[in-house]
Every structure is written in structure tokens, then in C-alpha cells.
Amino acid sequence: MLPPTLNIVIQAGKWRRQYQYTSAQIASFTIGTQVTLPTMSMPSSQSEGDLPHIAVVTGSADEIECIFPQIGIKTAEVTDPLGGGSINFFTGNGSAGENVSPSTPTETQLVNPAAAGAVPMTNYDMVIFGCQGPSGRTDSDAPAYASTVVKYANDGGRVFATHWEFSWIQSAPEWSPLASFSSSTSTASVTTTGQLSTSYSGEPTLAAWMNAIGAFDVNPAQEEFKLTAVFYENILAVNPPAQTWVTLPNYNGSSNQFSFDTPVGATGVPTAVLSFTNNQTSYLLGDTNDSIDIKVTDNSSSPTSTGLTLTLSIPSGVNTVSLADVSGGFWQCTVSGVIGHCTLPAVLAPGASDTVRLTFAIPQTATLGPTTLIGTLAGGGLNQSQQCGRVLYNDYHVENGGAKAAFNNGARCTNTGSLTAAQKFLEFSLYNLSNFISPTTSDTIDIQSMSTTQITTNGQPGVMTPIYYGQAIGDTNGANAIVSTSAPPGPDNGSLLVYVDTTLACTLPNNSASSKCSDTLFTGQDAGAHTVYATFTGDVDYASSVSPNYSVQILPDDTTIAAAGSGSPSILGTAVIFTATVAAPYATPSGPVTFTIDGVVAGTGTLSSSGVASFSTSTLAVGTHSVVASYAATLDFNGSVAAMIAQVVTYPPAPTVTTLTSSINPSYFNQNVTFTATVVATAPLAGPLVGTVTFYDGTNAIGTSTISGLGVATISTSTLAVGVHNMTAVFTPATPLPTSITSTSANLSQVVNPNTFTLAVDPTSFALIIGSSVSVNVTVTDVGGFYEPVKLSCSGPASTVEMACAFGELMVPAGGGSTRLTFTPAAPHPCATVASAGPDSRVDCLGFGLAAVLLFLTRKRRCLIRGLTLGLALCLLPLLNGCGTSGCTDFGVKPGTYVVTVTGTSAAPNAFTQSQNVTITVNP
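Each chain has its residues counted from 1, following the order in which its sequence is written. Per-residue local features of the predicted model are confined to residues with pLDDT of at least 70, and side-chain atom pairs are confined, for both listing and counting, to 80 or more; whole-chain, interface and lining totals are unaffected and use all residues. Calculated side-chain values reflect all of the structure's heavy atoms, with hydrogen atoms and water omitted.

Moving on: the overall build of the protein chain. Per the convention used, a helix needs a DSSP run of H or I reaching at least four residues, while a strand needs a run of E reaching at least two, with both numbered from the N terminus. Secondary structure summary: the protein chain contains 10 helices and 63 strands in total. Each residue is assigned to one of three classes by its accessible area relative to the maximum for its type, calculated with a 1.4 Å probe on protein chains only: buried under 20%, partly exposed between the two thresholds, exposed over 50%. The burial tally for the protein chain puts 44% of its 924 residues in the buried class. Note on contacts: a residue pair is in contact if any heavy atoms of the two residues lie within 4.5 Å. Partitioning the intrachain contacts of the protein chain with sequence separation of at least 6 by distance along the chain shows that 69% fall at a separation of at least 24.

Right under this line is the structure:
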């Protein structure tokens, strides 16, 4: 039954807002369904709810007051003390920040009760001291009035100091032992990473809140976020009972924010903690004997005094059966309605614990969902029972500083859009600072109804017919197993988890009357017996449940195999690839395929994801081979054998290669030439070759030779005629090699040149003076075994211009050689009585002298005297004819350039001739 009205309250200390839903709105709700309520928020003004009364001492270094419009507080709430707003400004004495009006009171009027126009601190739930910078502490407020601030906190007030306002802590004897500071580093401002400290008792709540609003903008896993204007290493130490909230990982893990509750107790004052143990995993409608243990532990070094009390606020939806001590202690308990009260008449020693047990029943009419048991400790001399104030200090800024100016509805405030991570953290700090302080601990239990879960196939619960490997479990005629629970379906109404052999296979939301997992999540389980079951995780209203176990038998899948080769016949030594394709009706087989050749296992191949395996071999001999592929049975597949393949292997079309080379090419007539044939076997033919090689000149065989073990055969001949010969070599194999491996070399063109010689004169040009002589070298070189003598001669102007040429040897012997050739032009000399018509038509005694010299040079030395006598006689003839008395003179060879041809001629039958021109320049 729905209530006539519904009140929902959001509260953090003195920040509180209430939402009320009328009967008309509630009438539209349906029991068991989720209702989406409008977005809720803390009040932005007093008209929307309750706000704490806050005093802000403004400073020029950090306009911390800007946090209020940044978190949504209407600027109309910012007034002077008599303006009626929940937030009142006081200007700092050292370096003031913003004011509301010229009448805004000063810091001294807040902290000095005797000051003129003083405003009592006790008017406020919270006092915030904004940073005034180093100059802010030049006044005497902190030392003079620290005791006022301490008393305000001890009476339950909340103090928030930032940066240079650590003077309030240093100046208070009760507070100064809790932290130490360094002024030398407090002016260094950086943007860096802050990390929540796990030593802070409120860290779980703070972390959950920061994570929910996305404030961990650096590293959520490490609870890290960005802080701005950080004054690092200003806090040198934080000592218990003060607790660090945030550290700076980049600065030696130093503290950047801490808090402590007031009044700070003296050493030895006892403290105690509460802890709860839920003795049931679920609390169900109809339970008659559920219980929760509440343990009280003295966690200090001092005993409690007598009269420690434990007050329990018991959920209204349960019926208390008993509340009693269960640990042998002395708790004396009574229950009145929903309040349980226990008193410990004895002391609780340091470190000792005592436990009471609340036993209760849950009626069928109880409201489903979470409900909370609250425990509060009091009395017994507990220190924390006296603490109702709190001090918070931080060392970072979230707003720029500025000189004293009017607030003007927050006109100078920046970052009023989306909050930064630092602003979100400061917002939580403000809410937390106003929280109630008491040693209170709570425990939440979830009252639920029972549920049942089942799996249905073929319309029958738990009936699962055998399947083959690869089929989906529960899949029969296309319908997968249906998983259902008795808990009503709907959004956030728990999940259904389906397991196969304790392994989670599928997760389904409980959002319909029945749910079906994907078939792919229920395939791949090995053949054999399996257990399937489902669980319901439970939700706020219904407890978790487990279905019965359902058995299913998975049978091995049948297979078929087909084999094929890459080609038959194949060539000896070349790779042949055999493939096998294995198929099954429901899954793709995996594992090895064995290939047997001629009854012997030759190798294996592994099936690919498409069910194909292959095996390659190049060692098959010439002939026909039987190849069989088989797939052996596995856990999940039955075996199969493929039909036999006949693989034929033949020799390659060119199993040998013959090459032919010549010892000399070109050669000369009658020169001996050796022809070499090299025969090699091409893959896959291996081993030494045996046989002969026949050498051919064109189509005429010129000889046959047996190849050596290295595959080499040679033949020599000197009978090749002059010309070009097309030479080939043919390899003929001998037993046991087959005749099919015969090979013929490529054609080799053997050139046979005729025998000859060369004639060289050195030098071939020179100059000389008339009447002088020049000798040159004449060299005859035998080419290609030309073994014949060569006769030398010269021709040209020598016979007409009285130019004499004389060889040292007129005949160069067979095999070649060198001799000297001397050129001598005739000088002017007397002539006969016949007038000279010129040197071209005259024969004189000089010419005859040259002829005599030539004759001398061409004969043996024994003819010397006879030659000279003849020459002289010839030369004297003109004189006898009177040429010496006629008075004429022959001028000899005219100056000029003359070409003389030197010729060498061999004897018959070749009679080869070689010539060389010599250019002679005759100078006067």
C-alpha cells in the first residue's frame, strides 16, 4: 500500500532540502516498478531549505568566498550580518578581500568579543578564514584571539582556515601540536596532483562521492585529481588525532589538507569504536531468527569508565526478538519499540571488546529493500562523546586573489561554469565540515523476498537431450534454453547468470519474463557429461537463488575427410603437396591429419581454422605411389579415412645439362685445340654420372670420350681447317642410367684463322740532314705458328732521288726477328759533262756509291774488299769521262718529305706480304 504523501530529504549536516510528493503524484506510481524522480540538489537559498550560517573572513590572496556561487548558492544569500543572508562577510585585518558594503565589519569584530560593534562568533555554524597572504598576519588577531576561536570550536563551531591562516593553529596551545608549518615554502604556488589519503577515516565516503561526480580527473584508479595554486611542503607534519585528507605524490607525499575534531582530548582519554557483523548472507521475508552482532572496542590506551552506553536505532520493519550480551561481558540491555539501550556497568579495558547480539524476525509484511541499524556510543568517559567541533585546514586555492573590492554579486568570481576537480573537492569539504560529530556507526541490511530460478528447454524444466560437439547446449529444434526467475523483471532487478561446469557462460538482465542466451556462448564444450545451472544475483527486493543442476551429454561430432594432391604425374625431386579437408556437421575439426605413402607414415599436417591440413614431400622415387590421409578420433570428433590417391612420379624432361668449352678460340691452322664437355645432373637427379660424350664438328663426329667421375670428357685436334666450325657435344648415359637423360650442349662456334706474320718499323717518321744517315728497327713477328722466313725490301723515291735504304739482314728467319734499316739521302757532288737536268733524271757516281754500299750491306763480310773496289771503280768512271773537268755539280737529294714503303714477303706457298710506310723529312 502506498503512503498518502512521500517526503525525501537530502541532508549533509546543516545543509538540508526536503522534497514532498503528493498523493496525486504517488497514485501514478506502480508498486514494483522503478520511478525516476526529478534531479535533486542541495538548497541554493533559505527559501529552498536549510543552509548553515557561515561567516567568511575575506583575504586578498584567495577569494575563497567565490566557492558559494560556484556550487549554486544564490548571491542574495551573501549579506552583511544584519542583512538576513546565510553567508556574512568580514574583511581581513591584514590584507582584506571582498566586502558586501562599506559597512561590512572587520575580522577583529568577529574574533574579539570586546571590540566595538562585535558580532559574536557563536552566531555562526561555520567560520572561514580566507588567505590574506604573508601580510595578513602582521596584525595581532591570531595570537590575541586564538583562545576565542578555540572555544568557539570546542563548543561545536566549525573552523575552516586556508594557507597563511595556519597562524590560528600555531597560536593555539591546544592545536599547535597537531601540525607544523614552514613559512619559507608557503609562497610557492604550483598546479599538481592531489591524492586521497587512505589514512583518513572518511576516505571511503569521500572517494565514492568524488568518483560519482567524475572529480578524479588525473587517475581514478589511484584516486588522483588536479589541484590548483598548491602551496607544496608548507605543511611539514600532521600529528594524530589530526587526519590527512590529501597528499601530494609529486612532492614527497606531503599533506595538503587535514582536519581534527575539537576539543582535542588529553592523552589517555579513552575512545571506542563500533563494528557490525551480519550473521546472515540474506535477510528474507518470513525469517524468524536473524541476527546482527554489534561489537564495542576500546581502541585507546585508557580504560573506559563505568556507564558506557550503546543506543541502537532498530529498523521499524523488523520485530526484535532479543538484545543481549553474547561475549561473556556485562551488557545490560532493554528494548522499547525501535530503540535498544545497553549499558556496561563495568569498565572496558584498553584493546578489549564486548559484543551484544540483536535477534529479530522479519514479517511477511515488511517493506522490501535496504534498512539501516544505527548504533551510538555515549558515556563511559569517551573522548569523542565530548567532541562536537571541527577544524579543517588546506593549502590550495581555487580562485584568483584580488585587492579589496565589493563582492557585487560575485562579479569578480571566475570558473562559475563546470566545476574543476579542486572546486568539487572543496565543495565536499564544506559539506563535511558542517556534519554532525558523534561516535555513531550504522549497518545496512537488505530485506528481501525469496526467489526461484530454472532453465526450461522444449517447454520442460531441466530436460536436455544429448547433442553433438559444436551444437549449443540446450539447443533443440532451434530453441535455446530459457532462463527465468520468480523475481519480477524490470530495470535494475538483478541478473541471471548461466554456468556450464562452474564456468560462467552467459549473463542476462532480468528484464523480461524469460531470457535466452546466445547460442555461441554455449558451444565449444568438450564431448562428455556436463552440468548446467543458473543463478539469480538478487536485487534490492529479492534474494539470490540457484536453479537445479541440469545434465547434458555431448557426443563426439562425426567427420568426413577428402584428400587431393597438387598434381600427378609429378617430376622426380619436385615438391608434391597433399591436402586433406576434414568436415563435421556442427563444428570445424582440429588437430593432426596423418599422410601414409605406400603403407608407411610419411608425415602429418595440422588442420587450419577452415579444416584443411597439408603435407609436402619431394623425396618420392620414380614410379606410382599410394597416398592415404586419415584423421584420428579425438575427444570431440570421430575419426575418418580418405580415399586413396595414386601419385605418379617421372623423370624431369632435362635431367642433365652438357656444356662445351674450347681451350683456345679463335685458333690458327694446324694449332692443337682441346674441347672439354662438362655434364652435370639437374635436380633431382643425383650421384655420379656414367657414359660417354661424342664431339661433333657440325654433323661430323670427330671423337668420343668417356666422362670422368667429375662429369668431364675431353678431346684434342689440330686438323681443323681454316674457317668457322659449329662444335657440339652429346652425352650418352651408360647403364644403369636411363637413356632419357641424354643431353646435347649448346653450339660452340670455333674460329680457325690462317697462319701469318706482322711487320713493324720503329720509328715510322723522322727528319735528317742531307748527307747524314738514320737507322730504324724492322721487326717481323710470327702469328699463329707461321714458321717461314720473310724477305725484306723497300720501295719509293730512293731510286729516283738518290735515297739509299739498306737492311742489316734482307731475310728474317722462320719464327720472326728484328734487323736494322738505314736511310741515307745523297749530298751534292760533281757530275758528268752532260748538264744535269735535275736529280730526277741523273745517275752519278754517288748513286753508284750508294748502290755499292747497298751491295755491301747485303753480302757477307768476306765480300768487303771486292765490293769497295767495284764501287770505287764505278764512281771513277764519270771522272774518266771528263765530268770533273766540265765544272758542273749534282745537288743530291732535294730537301722535302718522302715516303718509303718497307715490305716483307714470305716464301711460297703462302707468299704473304706485309708493308709499313716510313715518312722521311730531308733538311738542307
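Back to the text.
Okay, the side chain of K424 next. Turning to its location among the elements, K424 is positioned in helix α7 (residues 421-433). Counted as positive: Lys and Arg. Counted as negative: Asp and Glu, with His and the chain ends omitted from the count. Whenever Lys or Arg places a side-chain nitrogen within 4 Å of a carboxyl oxygen from Asp or Glu, that contact is recorded as a salt bridge. Here K424 sits buried without a salt bridge, and the closest side chain of opposite charge, D217, lies 7.8 Å off (N-O distance). Here I213 takes part through its backbone oxygen, which lies 3.1 Å from a polar atom of the side chain of K424. When neighbours within four sequence positions are excluded, K424 is seen to be in contact with W209, I213, G214, A215 and L419. Here a polar contact is taken to be a pair of N or O atoms separated by no more than 3.5 Å, where protein atoms must pair a possible hydrogen donor with a possible acceptor and residues adjacent in sequence count only if both atoms sit in side chains.

For any pair of aromatic rings, geometry is given as the distance between the ring centres together with the angle between the planes. Here a pair means two rings of Phe, Tyr or Trp (six-membered ring of Trp) with centres within 6.5 Å. Their orientation is stacked below 30 degrees between planes, edge-to-face above 60, and tilted elsewhere. Going through the model one piece at a time under the given rule, you end up with 24 aromatic pairs. Centroid distance W209 to F428: 5.2 Å. Interplanar angle 45°. Geometry classified as tilted. Taken together, the residues span a long stretch of sequence, with W209 in helix α6 (residues 203-212) and F428 in helix α7 at a distance of 219 residues. Judged by relative accessible area, W209 falls into the partly exposed class, the value being 23%. For F428, a relative accessible area of 9% puts it in the buried group. Taken together, a centroid distance of 5.2 Å and an interplanar angle of 50° make the contact between F225 and F425 tilted. One end of the pair, F225, is in strand β10 (residues 224-231); the other, F425, is in helix α7, and 200 residues separate them in sequence. Judged by its relative accessible area of 0%, F425 falls in the buried class. Among the aromatic side chains, those forming a connected cluster through ring pairs are Y200, W209, F216, F225, W245, Y396, F425 and F428.

Here strand β44 (residues 656-662) pairs with strand β46 (residues 673-681) via seven bridges, running antiparallel. From the neighbouring strand, V657 faces β46, where its bridge partner is V680. In this analysis, strands are considered paired if DSSP registers two or more bridges between them. Where β46 and strand β49 (residues 712-717) come together, six bridges link them in antiparallel fashion. For V673, the partnering residue across the bridge sits in β49 and is T717.

Attention now goes to α7. In this scheme, a helix's expected span is set at 1.5 Å multiplied by one less than its residue total. Here α7 is 13 residues long and its end C-alpha atoms lie 18 Å apart, about the 18 Å a rise of 1.5 Å per residue gives. The element α7 is largely enclosed, with a buried count of 13 among its 13 residues.

Turning our eyes to something else, we now look at the state of the cysteines. In this description, a disulfide is simply a cysteine sulfur pair whose atoms lie within 2.5 Å. According to the stated counting rule, one finds three disulfides in the structure shown. There is a disulfide in this structure between C66 and C413, and the S-S distance comes to 1.9 Å. Taking the sign of the torsion about the S-S bond as the criterion, the disulfide between C66 and C413, at about -80°, is left-handed. Here C66 is found in the loop between β3 (54-58) and α2 (67-70), whereas its partner C413 is found in the loop between β23 (389-394) and α7, with 347 residues between them in sequence. Residue C66 is classed as buried on the basis of its relative accessible area of 0%. Between C794 and C805 runs a disulfide, and the two sulfur atoms are separated by 1.5 Å. Of this pair, C794 sits in strand β56 (residues 790-795) while C805 sits in strand β57 (residues 803-807); the two residues are 11 residues apart in sequence, bridging distant segments of the chain. The class of C805 is buried, set by a relative accessible area of 11%.

Glancing now at the sheet that holds strand β63 (residues 913-923). Read across the open sheet, the five strands follow the order β54-β63-β62-β56-β58; overall the sheet is mixed. Two strands in the sheet have a free side with no partner beyond their single neighbour: β54 (765-769) and β58 (811-812). Both strand β62 (residues 896-906) and β63 contribute to a ladder of 10 bridges, which runs antiparallel. Residue pairing for β63: G904 is matched across the bridge by Q914.

Now for a nonpolar patch on the surface. Only residues above 30% relative accessible area that lack a salt bridge enter a patch, with like-charged residues linked at up to 9 Å and the nonpolar side chains Val, Leu, Ile, Met, Phe, Trp and Tyr linked at up to 5 Å. Only the protein chains shown count as cover for residues, and the accessible areas themselves come from Shrake-Rupley with a 1.4 Å probe. Together, Y468, L555 and Y586 make up a nonpolar patch on the protein surface, roughly 250 Å² of accessible area in all. Within the fold, Y586 resides in the loop between β37 (576-583) and β38 (592-597).

A word on the packing of α6 against α7. Running from N to C, α6 and α7 point in directions that differ by 140°, and their axes come no closer than 11 Å. As far as their axial angle goes, α7 and α6 are oblique. α7 is crossed by α6, and the crossing has right-handed handedness. Contacts from L206, W209 and M210 in α6 reach K424, F425, E427 and F428 in α7. Helix axes are fitted only over the stretch in contact, all axes being lines through C-alpha atoms; the angle between N-to-C directions runs from 0 to 180 degrees. Should an angle fall under 35 degrees it is taken as roughly parallel, and over 145 as roughly antiparallel, whereas 65 to 115 is taken as roughly perpendicular and any remaining angle as oblique. Left-handed describes a crossing whose near helix is turned anticlockwise from the far helix through less than a right angle; right-handed describes the clockwise counterpart.

A few words on the environment of L689. The topology assignment puts L689 in the loop between β46 and β47 (691-697). By relative accessible area, L689 is classed as buried at 9%. Sequence separation between L689 and P733 is 44 residues, and the spatial gap between their C-alpha atoms is 7.4 Å.

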